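Each chain, written out:
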Amino acid sequence: MSWASRAFSRRSVDQAMQTQQDYGMLAASVRLDEVSRLYKRSGNSDLLAVDRVSLEVFPAEFCSVLGPSGCGKSTLLMMIAGLYPTSSGRVFINDTLVNGPYTELGIVFQRDVLLDWRTVLDNVLLPIEVKGLSKARYRERALELLNMVGLGEFAGAYPEQLSGGMRQRVAICRALVHDPPLLLMDEPFGALDALTREKLNLDLMRLTTESNKTMIFVTHSIDEAVLMSDRIVIMSPRPGKVTQVLEVDLPKPRTLETRADPHFHALVHKIREAFHSMGII
């Protein structure tokens, strides 16, 4: 059975929370308890980047983190991944305390960080090698992912032969190839042109829906967050704090035409007003 056919439709946050209420058995995929991060610097100029953030992200939820530059969004993501230690507070993934790099997740950075000397297919298979898994076993899945994002014919190409948008699609496939339950993305589309960004928004919504991933997506774009998310976490300027968590109750599946929905515009306006009240817009 193929990877795509094993996937099932992602539940909405409302459905997940209703299941929790009905059966008392649904745990958060990610839980942050009073998490802070202090950067030690020379002299007396230590920098508090994230300040006492508490948050729950539920299974199969698409959660965006939205805030101004320098508010600690990327730092928050790195602490969830276990790549940065917390200065205080704790991070749990599936009730397991994160106290070092957490391997059962996929992560996509602002830059694609592909290895130029490896083909597209070999770049996608890199996590399989790192985890000591069988490349032969995962090759079909890697090719299937590349086909799903329209890059099947480029499996033997090298990164220098690809556009920026194509490279980011390869990075997404690489993050998904070992089928992690959790996917973290740190402004992966920020440097792309508007048309390519829209295409990748659609690709990502389709991939995460079909594979039932829990997603934490860091972005600067209000429109992008509203289009893609189940919930949006709004952060204050540094030191970053959660000021509001907004549920996005737009119907699914969503397309670019969703942006014409009056409720879409109302949500965008509500977020802009929240930032305006913080003196950001």
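Above: the structure in question.
Our subject in this report is the structure included herewith. (Residues numbered from 1 in each chain as written. Predicted model: local features only at pLDDT ≥ 70, side-chain atom pairs only at ≥ 80, totals over all residues. Heavy atoms only, no water.)

**Let's talk about the overall build of the protein**
Phase 1 of the analysis: The number of helices and strands found in the protein is ten helices and ten strands.
Phase 2 of the analysis: A total of 281 residues make up the protein; the buried ones form 49% of that total.
Phase 3 of the analysis: In the protein, the share of contacts with a sequence separation of at least 24, taken over all contacts with a separation of at least 6, comes to 71%.
Phase 4 of the analysis: For the protein, the exposed surface amounts to about 13,200 Å²; the carbon and sulfur share of it is 51%. (Helix = DSSP H or I, 4+ residues; strand = E, 2+ residues; numbered from the N terminus. Buried < 20%, exposed > 50% of the residue type's maximum accessible area, 1.4 Å probe, protein only. Contact = heavy atoms within 4.5 Å. Areas by Shrake-Rupley, 256 points an atom, 1.4 Å probe, with all protein chains shown as cover.)

**Notes on the layout of surface pockets**
Phase 1 of the analysis: The computed volume of the largest pocket comes to approximately 500 Å³.
Phase 2 of the analysis: Looking at the largest pocket, it is lined by 21 residues, and the ones nearest its centre are L105, I107, P127, V130 and H178.
Phase 3 of the analysis: Counting residues per element, the ones that place at least two in the lining of the largest pocket are β6 (105-108), α5 (126-130) and α7 (164-176).
Phase 4 of the analysis: Broken down by element, the lining of the largest pocket gets its largest block of residues, four residues, from β6. (1 Å grid on protein atoms, 1.4 Å probe; cavity = no way out; pocket = protein on both sides within 12 Å on 5 of 7 lines; lining within 4 Å. Points joined across faces, edges and corners; volume = space filled by probe spheres on them.)

**A closer look at the environment of P85**
Phase 1 of the analysis: Looking at the element boundaries, P85 is found in the loop between α3 (73-80) and β4 (88-93).
Phase 2 of the analysis: Of the residues examined, P85 reaches a relative accessible area of 56% and is grouped as exposed.
Phase 3 of the analysis: For the pair P85 and L38, spaced 47 residues apart in the sequence, the C-alpha separation amounts to 9.8 Å.
Phase 4 of the analysis: Setting aside residues up to four positions removed in sequence, P85 forms contacts with R37 and M79.

**Overview of the side chain of N123**
Phase 1 of the analysis: Inspection of the secondary structure assignment puts N123 in helix α4 (residues 120-124).
Phase 2 of the analysis: Residue classification places N123 among the buried positions, given a relative accessible area of 1%.
Phase 3 of the analysis: At 2.8 Å, the side chain of N123 and the backbone nitrogen of L115 are in polar contact.
Phase 4 of the analysis: When near neighbours in sequence (up to four residues on either side) are disregarded, N123 contacts L114, L115, R118, P159, V170 and R174. (Polar contact = N/O pair within 3.5 Å; in protein donor to acceptor, adjacent residues only side chain to side chain.)

**Some words on the sheet that holds strand β1 (residues 30-39)**
Two orientations exist for strands paired in a sheet by backbone hydrogen bonds: parallel and antiparallel.
Phase 1 of the analysis: The sheet built from four strands is open, its strands ordered β2-β1-β4-β5 with antiparallel pairing. Bordering the open sheet on either side are β2 (47-57) and β5 (96-97), each of which pairs with just one other strand.
Phase 2 of the analysis: Against the sheet, α3 engages β1, β2 and β4, with an angle of about 120 degrees to β1. (Pairing = 2+ DSSP bridges. Axes fitted to C-alpha atoms, helices over the stretch in contact; angles between N-to-C directions.)

**Thoughts on the packing of aromatic side chains**
Phase 1 of the analysis: Across all of its chains, the model carries three aromatic pairs by this definition.
Phase 2 of the analysis: The interplanar angle of 85 degrees and the centroid separation of 6.4 Å between the aromatic rings of Y39 and Y84 together place this pair among those described as edge-to-face. One end of the pair, Y39, is in strand β1; the other, Y84, is in the loop between α3 and β4, and 45 residues separate them in sequence.
Phase 3 of the analysis: The exposure class assigned to Y39 is partly exposed, which follows from its relative accessible area of 24%.
Phase 4 of the analysis: Taking relative accessible area as the criterion, Y84 reaches 32% and is therefore assigned partly exposed.
Phase 5 of the analysis: Ring-pair connections join several aromatic residues into one group, and the members of that group are F62, F189 and F217. (Phe/Tyr/Trp six-rings, centres within 6.5 Å; stacked < 30°, edge-to-face > 60°.)

**What to know about the nonpolar core**
Phase 1 of the analysis: One finds L146, M185, L204, F217, V226, I232 and I271 to be the most contacted residues of the largest nonpolar core, which totals 53 residues.
Phase 2 of the analysis: For this core, the element with the highest residue contribution is α7, accounting for seven residues.
Phase 3 of the analysis: With sequence-adjacent residues up to four places away left out, V226 is seen in contact with I232, V248, L250, R254, F264, L267, V268 and I271.
Phase 4 of the analysis: Core analysis: the second largest hydrophobic core is formed by 27 residues, V35, V53, V57 and V218 among them. (Core = buried A, V, L, I, M, F, W, Y, C linked by side-chain atoms within 4.5 Å.)

**Quick look at the pattern of salt bridges**
Phase 1 of the analysis: Scanning the entire structure with this criterion turns up 18 salt bridges.
Phase 2 of the analysis: As a salt-bridge pair, D230 and K252 come within 2.4 Å of each other at their nearest N and O atoms. Note that D230 is positioned in the loop between α9 (222-228) and β9 (231-235) and K252 in the loop between β10 (242-247) and α10 (262-277), a separation of 22 residues in sequence.
Phase 3 of the analysis: By relative accessible area, K252 is classed as partly exposed at 38%.
Phase 4 of the analysis: Taken together, the shared-partner salt bridges in this structure form one network comprising R118, D122, E129 and K135. (Salt bridge = Lys/Arg side-chain N within 4 Å of Asp/Glu carboxyl O.)

**Notes on the side chain of H178**
Phase 1 of the analysis: With respect to the secondary-structure elements, H178 resides in the loop between α7 and β7 (182-186).
Phase 2 of the analysis: In terms of polar contacts, H178 uses its side chain to reach the backbone carbonyl oxygen of L105, at 3.1 Å.
Phase 3 of the analysis: Residue contacts for H178: discarding those within four places in its chain leaves T103, L105, G106, P127, I128, K131, Y138 and R141.

Function cannot be inferred from these measures alone, as they are strictly geometric.
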